[in-house]
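Spelled out from the first residue to the last, the chains are:
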Amino acid sequence: MAPIKPFVLFTITTILFSFCLFTSASFRGLSETATTVLDVSSALQQTQHILSFEPETLKPFAEESETAAESFPLNSSSSFSLPLHSREILHKTRHNDYRSLVLSRLERDSARVNTLITKLQLAIYNVDRHELKPAEAQILPEDFSTPVVSGASQGSGEYFSRIGVGTPPRQFSMVLDTGSDINWLQCRPCTECYQQSDPIFDPKTSSSYSPLPCAAPQCKSLDVSACRANRCLYQVAYGDGSYTVGDLVTETVSFGNSGSVKGIALGCGHDNEGLFVGSAGLLGLGGGMLSLTKQIKATSLAYCLVDRDSSASGVLEFNSARGGDAVTAPLIRNKKVDTFYYVGLTGFSVGGQAVQIPPSLFEMDEAGDGGIIVDCGTAITRLQTQAYNSLRDSFVRQASNLKPTSGVALFDTCYDFSGLRSVRVPTVSLHFGAGKALDLPAKNYLIPVDSAGTFCFAFAPTTSAMSIIGNVQQQGTRVSFDLANNRVGFTPNKC
């Protein structure tokens, strides 16, 4: 047998190599180009955990030190941080099954989204905030008639941190909200107060408590205010019927062992009702003049949100470095409303393939409408209907191997993962221009809606021009707002 000539051997090798490349490329084209694994078992275990979780298993908050921290000036650039928890660990849920808890969360979430949209629309249509009047001119608590949803539902997906209020400081669990500016907490005497995990703040026990007069600039910054005996009164109502009414005051606020800040304007609520069960009040972390962020003159704000069904803690940070490995995007300001943090999102991809969505759907127009905000208080990401349909359809096409099931509440795309320990799914990514993208973990867009294995695609459509990136998509990611340089950073797996 004649030996094979080198040229012939080279030709055969080249053909085989080319065939392998073609076969590999063809296979990748027919399969998902980018996938990730969803841990079904772990997610379902957490649904059981949150139903049986006893808040008493945590270190009692009463054991915390109430020693006054050293005060630092308002213009300090010192960085400091606070632990951050899911609000579900404050108060044992009264829901007997996970599905009813989810439905309650989604109902509250829809009400919150309506509140944010209304706030923007009032600004766009130039409704003067001084034309907004309280329910009663005197803000008499007994005459306040806003419909109220019972706080017993405990259907919230929000997060809280512990801060000290007053001198000497008393520690309180406060809900965090990047979509609000006003800070407030329940105060004695109570005309109506909901149940909270801490004793209600008594102004008589604080030497730094000081009511604000009606002519104070903080009072003039309120959307809704009134005056009684030269004391500034505030009122805040939320989309779910929850509300707080009381005196606008200044107090000393302390942040663990990091220090304290004097003269923070906050509401001392004597009539408070709604879905705030467990927390003492709310910290407004928006961009408005009365927000905590603005009042302490923070140059940056960052947080890491743990899974809402977890008893672990994340972190809330002020004046910290962004981190070199963050996916960054422009932080965009709206001249009509300074509360919201808009981000320069350009689009999505599914399985590594770009979703065909006009970039204009994520842009703010000259009137201040549209755009997309990052919000820690909204749970489910809302996208304009056209953008949502394109994203959903792209996911459904690439997830044809998954077993579909009927929709649940605002979710129209759900799957049956019962009996599975894990499943490989197409990767969903957010794009911010300049080739920068954030790949979401599977658990951030496929979430359980019951304990039996039903998971839903955790995005929803909105008819509003404004879109919202919610906290389900942010879980496990360090989100940082560089307020000095107008940049937003997303750092995965940094919690």
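Preceding this section is the structure that the text describes.
Notes on the structure in this doc start here. (Residues numbered from 1 in each chain as written. Predicted model: local features only at pLDDT ≥ 70, side-chain atom pairs only at ≥ 80, totals over all residues. Heavy atoms only, no water.)

With that settled, consider the overall build of the chain. Of regular secondary structure, the chain possesses seven helices and 30 strands. Classification of the 495 residues of the chain by burial places 54% in the buried group. Contacts in the chain between residues far apart in sequence, at least 24 positions, make up 75% of those at least 6 positions apart. Here the chain displays about 21,400 Å² of accessible surface, and carbon together with sulfur accounts for 54% of that area. (Helix = DSSP H or I, 4+ residues; strand = E, 2+ residues; numbered from the N terminus. Buried < 20%, exposed > 50% of the residue type's maximum accessible area, 1.4 Å probe, protein only. Contact = heavy atoms within 4.5 Å. Areas by Shrake-Rupley, 256 points an atom, 1.4 Å probe, with all protein chains shown as cover.)

In a regular helix each residue adds 1.5 Å, so 27 residues correspond to 39 Å; helix H3 (residues 98-124) covers 39 Å between its end C-alpha atoms and thus fits that length. Regarding H3, its N-cap is Asp97, as a side-chain oxygen of that residue lies 3.3 Å from the backbone nitrogen of Arg99 further along. At the C-terminal side of H3, Asn126 shows a positive phi close to 55 degrees. (Expected span 1.5 Å × (residues − 1). Polar contact = N/O pair within 3.5 Å; in protein donor to acceptor, adjacent residues only side chain to side chain.)

By the secondary structure assignment, Ser313 is in strand E13 (residues 313-318). We classify Ser313 as partly exposed; its relative accessible area is 36%. Each C-alpha atom of the pair Ser313 and Leu84 lies 5.3 Å from the other, and the pair is 229 residues apart in sequence.

Let us now look at the side chain of Ser254. By the element assignment, Ser254 lies in strand E9 (residues 243-254). Note on Ser254: relative accessible area 5%, which makes it buried. Sequence-distant contacts of Ser254, defined by excluding residues within four places in its chain, comprise Ile163, Gly164, Pro169, Gln171, Gly259 and Ser260.

Turning our attention to unusual backbone geometry. Trans peptide bonds make up the majority, and among non-glycine residues the majority have a negative phi. The amide bond that connects Thr167 to the next residue, Pro168, takes the cis arrangement and shows omega of -5 degrees. Structurally, the position occupied by Pro168 is in the loop between strand E3 (159-165) and strand E4 (170-177). Of note, the amide linkage connecting Arg188 to Pro189 takes the cis form, showing an omega dihedral of 0 degrees. In this structure, Ala434 takes a positive phi of about 55 degrees despite not being glycine. As for its placement among the helices and strands, Ala434 is situated in the loop between strand E23 (428-431) and strand E24 (437-439). Relative accessible area serves as the criterion here: at 80%, Ala434 is assigned to the exposed category. If you check the backbone angles, Asn486 has positive phi at about 55 degrees while not being a glycine. Take Asn486: it is sitting in the loop between strand E29 (477-482) and strand E30 (487-492).

We now examine the nonpolar core. Within the largest apolar cluster, 79 residues are counted, with the highest numbers of intra-cluster contacts made by Phe348, Val428, Tyr445, Phe459 and Phe481. Apart from residues no more than four positions distant in its own chain, Phe348 is found in contact with Ala354, Val355, Ile357, Phe362, Leu383, Leu391, Val428, Ser429, Leu430, His431 and Phe459. Grouped together as the second largest cluster of nonpolar side chains are 17 residues, Ala379, Phe411, Ile447 and Val472 included. (Core = buried A, V, L, I, M, F, W, Y, C linked by side-chain atoms within 4.5 Å.)

With that out of the way, let us pick up the state of the cysteines. All told, the structure shown has five disulfides when counted by the stated rule. Here Cys214 engages in a disulfide with Cys227; their sulfurs sit 1.7 Å apart. Here Cys214 and Cys227 share a disulfide; its torsion about the S-S bond, 90 degrees, makes the bridge right-handed. Residue Cys214 is found in the loop between strand E6 (210-211) and helix H4 (217-220), and its partner Cys227 is found in strand E7 (residues 225-228); the two are separated by 13 residues along the sequence. (Disulfide = S-S within 2.5 Å.)

Take the pattern of salt bridges next. Any two side chains of opposite charge can pair, given that their charged atoms come close. Inspection of every chain in the model, using the stated rule, returns nine salt bridges. Linking Asp177 and Arg112 is a salt bridge whose minimum nitrogen-to-oxygen distance equals 2.5 Å. Of this pair, Asp177 sits in strand E4 while Arg112 sits in helix H3, and the two are 65 residues apart along the sequence. Each member of the pair Asp177 and Arg112 is classed as buried. (Salt bridge = Lys/Arg side-chain N within 4 Å of Asp/Glu carboxyl O.)

We now examine the sheet that holds strand E25 (residues 446-448). With respect to topology, four strands assemble into an open sheet ordered E20-E21-E26-E25, the strand pairing being antiparallel. Looking at the sheet topology across the chains shown, the edges are occupied by strand E20 (404-405) and E25. Strand direction decides the pairing type here: E25 and strand E26 (residues 454-457), joined by three bridges, are antiparallel. The partner of Leu446 across the bridge, within E26, is Phe457. (Pairing = 2+ DSSP bridges.)

Turning next to the sheet that holds E23. As a general point, the strands of a sheet are linked pairwise by backbone hydrogen bonds and lie either parallel or antiparallel. Taken in spatial order, the four strands line up as E17-E16-E23-E24 in an open sheet, and their pairing is antiparallel. Two strands lie at the open edges of the sheet, namely strand E17 (353-354) and E24, each paired on one side alone. Of the strands in this sheet, strand E16 (347-350), E17 and E23 touch helix H6 (residues 385-398), which is tilted by about 10 degrees from E16. (Axes fitted to C-alpha atoms, helices over the stretch in contact; angles between N-to-C directions.)

Next up on the list: the pairing of E16. By the alternation rule, side chains of E16 split into Gly347 and Ser349 and Phe348 and Val350, which are all buried. Of the strand pairs in this sheet, E16 and E23 are connected by four bridges, and their pairing is antiparallel. The residue bridging Phe348 from the neighbouring strand is Leu430, located in E23. The pairing of E16 with E17 spans two bridges and is antiparallel. Its bridge partner lying in E17, Val350 is registered against Gln353.

With that out of the way, let us pick up the packing of aromatic side chains. With the rule as written, the count across this model stands at 17 aromatic pairs. Connected via pairs of aromatic rings, a cluster forms that spans Phe348, Phe362, Phe395, Tyr415, Phe417, Tyr445, Phe455, Phe457 and Phe459. (Phe/Tyr/Trp six-rings, centres within 6.5 Å; stacked < 30°, edge-to-face > 60°.)

This part covers H6. Between its first and last C-alpha atoms H6 spans 20 Å; for 14 residues at 1.5 Å apiece the expected length is 20 Å, and the two agree. Listed in full, the buried residues belonging to H6 are Ala387, Tyr388, Leu391, Arg392, Ser394, Phe395 and Gln398. For H6, the angular spread of the buried residues around the axis is 160 degrees, confining them to a single face. (Arc of directions from axis to C-beta.)

Turning next to the environment of Ser422. As for its placement among the helices and strands, Ser422 is situated in strand E22 (residues 422-426). Considered as a pair, Ser422 and Val37 are 385 residues apart in the sequence and their alpha carbons are 6.7 Å apart. Apart from the residues lying within four places of it in its own chain, the contact partners of Ser422 are Val37, Leu38, Asp39 and Val40.

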